[in-house]
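The residues making up each chain are set out below.
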Amino acid sequence: KMDEKVLPVVVVGAGLVGSMAGLMLAQRGYAVEIFEARPDYRQQVSAADTNSSSLHGQLTNTTKRSINLALSHRGFCALKAV
């Protein structure tokens with residue numbers, strides 16, 4: 001309906017569930033913002049990160065790859081719904 005206000009939704013966590021929830025809510029007309037605390041490992045490492053004792057600082061460019069995952073029947077059904 002044209003006169004209805006778009007409701008904002010905040011999703012905390014951009015993992016598998018957060019991303020899927022954000023996508024499905026956006027398709028239903030919600031204004032979605034997704035927040036993730038962890039850095040994007042696909043980005044370049046800064047000098048400060050390489051000197052850090054954190055997990056992110058310990059990773060090298062060769063370990064910063066996409067995650068391979070297996071989907072269950074339930075996961076395939078969720079993707080089909082999108």
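Per-chain numbering applies: the sequence of each chain, read as written, is numbered from 1 onward. Where totals are concerned, whole chains, interfaces and linings use all residues; where local detail is concerned, this predicted model gives features only for residues with pLDDT of at least 70, and gives and counts side-chain atom pairs only at 80 or more. Note: side-chain values were computed over all heavy atoms of the structure, leaving out hydrogens and water.

Draft legend 1. Fine view of the overall build of the protein. Here a strand is any run of E in DSSP of at least two residues, a helix any run of H or I of at least four, and the numbering for each starts at the N terminus. Along its length, the protein carries four helices and two strands. For every residue, the accessible area (1.4 Å probe, protein chains only) is compared with the maximum for its type, and the residue is labelled buried under 20%, exposed over 50%, or partly exposed between those bounds. In the protein, buried positions account for 12% of the 82 residues. Within the protein, contacts between residues at least 6 apart in sequence are counted, and of these 26% link residues at least 24 apart. The contact definition used throughout considers only heavy atoms, calling two residues in contact when any of these lie within 4.5 Å.

Draft legend 2. Broad picture of the pattern of salt bridges. Any Lys or Arg side-chain nitrogen found within 4 Å of a carboxyl oxygen on Asp or Glu counts as a salt bridge. Counted according to the given criterion, the structure contains one salt bridge. Across the pair Glu36 and Arg38 runs a salt bridge whose closest N-O atoms are separated by 3.0 Å. Exposure remark for Arg38: the relative accessible area of 57% places this residue in the exposed category.

Draft legend 3. Representation of the pairing of strand β2 (residues 31-35). For two strands to be treated as a pair, DSSP must find at least two bridges joining them. Bridge analysis of strand β1 (residues 8-12) against β2 gives five bridges, and the strand direction is parallel. Paired with Val11 across the bridge in β2 is Ile34. Where the polypeptide runs from β1 across helix α1 (residues 16-27) and back to β2, its parallel neighbour, the crossover connection is right-handed. Note on handedness: a clockwise path from strand one over the helix to strand two, with the strands aimed away from the viewer, defines a right-handed crossover.

Draft legend 4. Looking closely at the environment of Glu36. Along the polypeptide, Glu36 turns up in the loop between β2 and α2 (47-50). The class for Glu36 is partly exposed, based on a relative accessible area of 32%. Separated by 22 residues in sequence, Glu36 and Ala14 have C-alpha atoms that sit 5.3 Å apart. Setting aside anything within four residues of it in sequence, one finds Glu36 in contact with Gly13, Ala14 and Gly15. We call two N or O atoms a polar contact when they sit within 3.5 Å, provided that within protein one can donate a hydrogen and the other can accept it, with sequence-adjacent residues counted only if both atoms are side-chain atoms. At 2.7 Å, the side chain of Glu36 and the backbone nitrogen of Ala14 are in polar contact. At a separation of 3.0 Å, a polar atom in the side chain of Glu36 contacts the side chain of Arg38.

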